[in-house]
Amino acid sequence: MTDSHRHTLDVPGATLSYVVRGDLADATADSPPLVLCGSPMDGTGFGSLADRIPDRVLVLVDPRNTGHSLREDPTAPVTPEQHAEDLHALVGALGAGPVDVFASSGAAVNFLFLVAAHPDDVRILVAHEPPMAGLLPDAAAISATCDDMVATYDASGFGPAMARFIGLVMHRGPVDDDYRAAPPPDPAMFGMPTDDDGSREDPLMANLRGGGVTRVPDLEAVRSASTRVVVGVGEESGGPEDGEIAGRSAHAVAAALGVDPVVFPGGHNGFLGGEFGQTGKPDEFAERLREVLAG
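Residues numbered from 1 in each chain as written. Predicted model: local features only at pLDDT ≥ 70, side-chain atom pairs only at ≥ 80, totals over all residues. Heavy atoms only, no water.

1. Brief notes about the environment of proline 137
Stated formally: By the criteria applied, helices consist of DSSP H or I runs no shorter than four residues and strands consist of E runs no shorter than two, each listed in order from the N terminus.
Position of proline 137 among the secondary structure elements: in the loop between β7 (122-128) and α4 (139-156). Sequence spacing of proline 137 and leucine 289 is 152 residues, and the spatial spacing of their C-alpha atoms is 30 Å.

2. Things to note about the environment of proline 217
Stated precisely, the cut-off is as follows: With a 1.4 Å probe rolled over the protein chains alone, any residue whose accessible area is under 20% of its type maximum counts as buried; one over 50% counts as exposed, and the rest are partly exposed. The contact criterion used is simple: two residues touch if any of their non-hydrogen atoms lie within 4.5 Å.
Within the secondary structure, proline 217 sits in the loop between α7 (203-209) and α8 (219-224). The class for proline 217 is buried, based on a relative accessible area of 8%. The sequence separation of proline 217 and alanine 181 amounts to 36 residues, and the corresponding C-alpha distance is 31 Å. Each residue touching proline 217, except ones within four places of it in the same chain, is listed here: Leu112, Phe113, Ala116 and Met132.

3. Focus: the layout of surface pockets
So the rule is basically this: Computed over the protein atoms alone on a 1 Å grid, cavities are sets of points where a 1.4 Å probe fits but cannot get out and pockets are open sets with protein on both sides within 12 Å along at least five of seven lines; a residue lines them when it has an atom within 4 Å of a point. Grid points are joined across faces, edges and corners, and a volume is the space filled by probe spheres set on the points. Only Asp, Glu, Lys and Arg are considered charged, only Ala, Val, Leu, Ile, Met, Phe, Trp, Tyr, Cys and Pro nonpolar, and every remaining residue, Gly among them, polar.
In this structure, the largest pocket encloses a volume near 1200 Å³. Around the largest pocket sit 40 residues that line it, and Pro40, Ser105, Phe165, Val169 and His268 are the ones nearest its centre. Going through the elements one at a time, α3 (106-117), α4, α5 (158-170), α7 and α9 (245-257) are the ones with two or more residues in the lining of the largest pocket. Counting residues per element, the lining of the largest pocket draws most heavily on α5, which supplies seven residues. Partitioning the lining of the largest pocket into residue classes produces 23 nonpolar, 14 polar and three charged. In this model, the second largest pocket occupies a volume close to 220 Å³.

4. A closer look at the nonpolar core
This is how the line gets drawn: Nonpolar cores were defined as sets of buried Ala, Val, Leu, Ile, Met, Phe, Trp, Tyr and Cys residues, with membership established by side-chain atoms within 4.5 Å.
One finds Val35, Val101, Phe111, Leu112, Leu125 and Leu257 to be the most contacted residues of the largest nonpolar core, which totals 41 residues. Ranked by the residues each element gives to this core, the list is headed by α3, at eight residues. The contacts of leucine 112, once residues within four sequence positions are left out, are Leu125, Pro130, Met132, Pro217, Val222, Val229, Val253 and Leu257. Formed by 23 residues, the second largest nonpolar core is a distinct cluster that contains Phe46, Ile53, Phe102 and Val262.

5. Thoughts on the pattern of salt bridges
Side-chain pairs of opposite charge can arise whenever the charged atoms involved come near each other. Spelled out, the test is: Salt-bridge detection follows one rule: a side-chain nitrogen of Lys or Arg within 4 Å of a carboxyl oxygen of Asp or Glu.
One pass over the full model with this rule turns up 17 salt bridges. A salt bridge links arginine 56 to aspartate 100; the shortest N-O distance between them is 2.9 Å. Of this pair, arginine 56 sits in the loop between α1 (47-51) and β4 (58-62) while aspartate 100 sits in strand β6 (residues 99-104), placing them 44 residues apart in sequence. Taking the relative accessible area as the measure of exposure, aspartate 100 reaches 0% and is therefore buried. The residue arginine 248 makes a salt bridge to aspartate 138 at a minimum N-O spacing of 2.8 Å. Note that arginine 248 is positioned in helix α9 and aspartate 138 in the loop between β7 and α4, a separation of 110 residues in sequence. The class of aspartate 138 is buried, set by a relative accessible area of 7%. Several salt bridges converge on common partners, so that one network encompasses Arg56, Asp100 and Arg123.

Okay, here's the thing in structure tokens:
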């Protein structure tokens, strides 16, 4: 097994933690470090995918307030710009030039913000299902639903808020008045706690407070960057109109950037191999990622 070493990096208001698999000295301009990042998922979600890419130097990231990463105020909002500046500092700390990136979910949004602000940081960005709902026709309804989710979290805690979140991300097609008027789902349906433990430090809710689902970066800056941006969408996530929010958003991001989306095996969790009790298609996913990175 490739040697792994955990590192920390101090950034404004937080300490980031990341694991390097392999030796950064072995990275080259043609095969730079490959950063694997999710949000709010921490780096442990990439174990199966990382095991299937043994010939690359890998960097598995815990974004601020997830996993081993900490921040001074774990209840405060975290914006995509803050995440992007954290990632900019991380690339600088690696000291291996522009990196390649596989970013999933919220991290795909954050890395698009990074490319807009610091285009020399990333050589290839594979943005897998960025939930950039601000580009969708029902953006206002999704934003209001996210606001309801945060209000539920503040009033009732993790379980009821996460039940709303799961219901939203599983919903297919536009978020309309009928969806908004429906009663919130029971947390027990999804195995979520019904009692409030009083904690208000959940990283997903911090990202929602910071507009992580509704904000859009400077897309002209992304289009103008030297970074090769690949927008990935899961084969099981649906189409641009009838799919899940992350899948629909991926189609919208690709259209806004003037590129065709690249289909990956599985759905939003296609790279998982049992992490968090979820199994996608990690073998096929890793093969597809290799093809995409090879260009």
